[in-house]
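What the coordinates show
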Amino acid sequence: MPRAAKDKTTESDQVTETETSAETTTAPRRRQARGERRIAQLLAAAAGVFCRTGYAAASTNAIAREAGVSPGTLYQFFPNKEAIAIELGGRLLSHARETHGQAFLAENLSLPLPEALDAVLDPLIAFNCENPAFWALMHGSGVPGGIDKEHEELHAGMSGQVRTALHSLAPEVEPIELDHVANMVLGIFKASLDLILAHEGAERDAYVAELKTVLLRYLEPIVTTTRCR
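Note that the coordinates shown come from a computational prediction; the quantities given were computed from them, not determined experimentally. (Residues numbered from 1 in each chain as written. Predicted model: local features only at pLDDT ≥ 70, side-chain atom pairs only at ≥ 80, totals over all residues. Heavy atoms only, no water.)

A count of helices and strands for the protein chain gives 10 helices and 0 strands. Mapped from its N terminus to its C terminus, the protein chain presents α and β elements in the order α-α-α-α-α-α-α-α-α-α. Across the 229 residues in the protein chain, those meeting the buried criterion constitute 37%. Excluding contacts between residues fewer than 6 apart, the proportion of contacts in the protein chain whose partners are at least 24 apart in sequence is 68%. When the accessible surface of the protein chain is totalled, it reaches about 13100 Å², and 53% of it is carbon and sulfur. (Helix = DSSP H or I, 4+ residues; strand = E, 2+ residues; numbered from the N terminus. Buried < 20%, exposed > 50% of the residue type's maximum accessible area, 1.4 Å probe, protein only. Contact = heavy atoms within 4.5 Å. Areas by Shrake-Rupley, 256 points an atom, 1.4 Å probe, with all protein chains shown as cover.)

See below:
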């Protein structure tokens, strides 16, 4: 065979091999992307079911029905309800940690108290309103132990963030008093969040405003007295 013909044949073979290799790589990626979309669909369905019925009363059949798929399709991705809750809970906890980090930025805490409350509370409240399954999972009965443990760690971390924030606002307050105030702030926030999540629209906005008013009136004397010393 002439050399030119050989070269053309070799080039053709190389192109074919490259195309085949690209197709072989792309196919698993497409399957992976479809799988990720299906997982997201199932988790969104689980979030809806957990919110309506609670974790203990939820079932894989109800989750599959909510997602519009067969139970068999669900079992291709999750072996049981517990596995779904652990995956959903892990994602929500990760998102919550990110939200807490953004809320307690130093630049937010350097603002005057009313604006500081807005900057800290708004993202925390928004996260819970946008992810009602977080509250249902973290405070429901019968949830997998791993979620409980991670939520306790998240709560401890938030408690430390609140204490640090209060110390920056009122640095001369005694440590024991600071602990008491931090615990009260967290208690007020958690109790108010129940009311906020139970309402929508103007009623929800009203409860958010009430929460901020309560915290402002509680913290203002502490912060003002400290800053005036």
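Once you've had a look at it, read on.
Going through the model one piece at a time under the given rule, you end up with 6 salt bridges. Among the salt bridges present, the one from R52 reaches E66, with a minimum N-O distance of 2.7 Å. With R52 in helix α1 (residues 3-53) and E66 in helix α2 (residues 60-67), this residue pair connects regions lying 14 residues apart in the sequence. Residue classification places E66 among the partly exposed positions, given a relative accessible area of 39%. (Salt bridge = Lys/Arg side-chain N within 4 Å of Asp/Glu carboxyl O.)

Time to look at the environment of V185. When you line up the elements, V185 lands in helix α9 (residues 175-197). For V185, a relative accessible area of 11% corresponds to the buried category. With 26 residues separating them along the chain, V185 and S159 place their C-alpha atoms 9.3 Å apart.

Turning to helix α8 (residues 145-169), a few remarks are in order. With 25 residues, α8 ought to run about 36 Å at 1.5 Å a step, and its terminal C-alpha atoms sit 36 Å apart, in line with that. By the burial criterion, the buried members of α8 are I147, H151, L154, M158, V162, A165, L166 and L169. (Expected span 1.5 Å × (residues − 1).)

Geometry of an aromatic ring pair is reported as the spacing of the ring centres plus the angle between the planes. Counting across every chain of the model gives 2 aromatic pairs. Centre to centre, the rings of F127 and F134 are 5.1 Å apart; their planes meet at 70 degrees, and the pair counts as edge-to-face. The pair formed by F127 and F134 is uniform in burial state, with each residue classed as buried. In this structure, K81 is placed above the aromatic ring of Y55, and the distance from its NZ or CZ to the ring centre is 4.4 Å. (Phe/Tyr/Trp six-rings, centres within 6.5 Å; stacked < 30°, edge-to-face > 60°. Lys NZ or Arg CZ within 6 Å of the ring centre and 35° of its normal.)

Another point: α9. Its 23 residues place the ends of α9 33 Å apart at the C-alpha level, agreeing with the 33 Å of an ideal helix rising 1.5 Å per residue. Within α9, burial applies to L178, V181, A182, V185, L186, I188, F189, S192, L193 and I196.

Glancing now at the packing of helix α6 (residues 113-130) against α9. Packing of α6 against α9 brings their axes to within 11 Å, and their N-to-C directions diverge by 50 degrees. Relative to α9, the element α6 is oriented oblique. The hand of the α6/α9 crossing is right-handed. Judged by residue contacts, L121, L124, I125, N128 and C129 of α6 engage F189, L193, I196 and L197 from α9. Tallied by class, the residues present in the contact of α6 with α9 amount to 8 nonpolar, 1 polar and no charged. (Axes fitted to C-alpha atoms, helices over the stretch in contact; angles between N-to-C directions. Parallel < 35°, antiparallel > 145°, perpendicular 65-115°, else oblique. Left-handed = near helix turned anticlockwise from the far one by under 90°. Nonpolar A, V, L, I, M, F, W, Y, C, P; charged D, E, K, R; others polar.)

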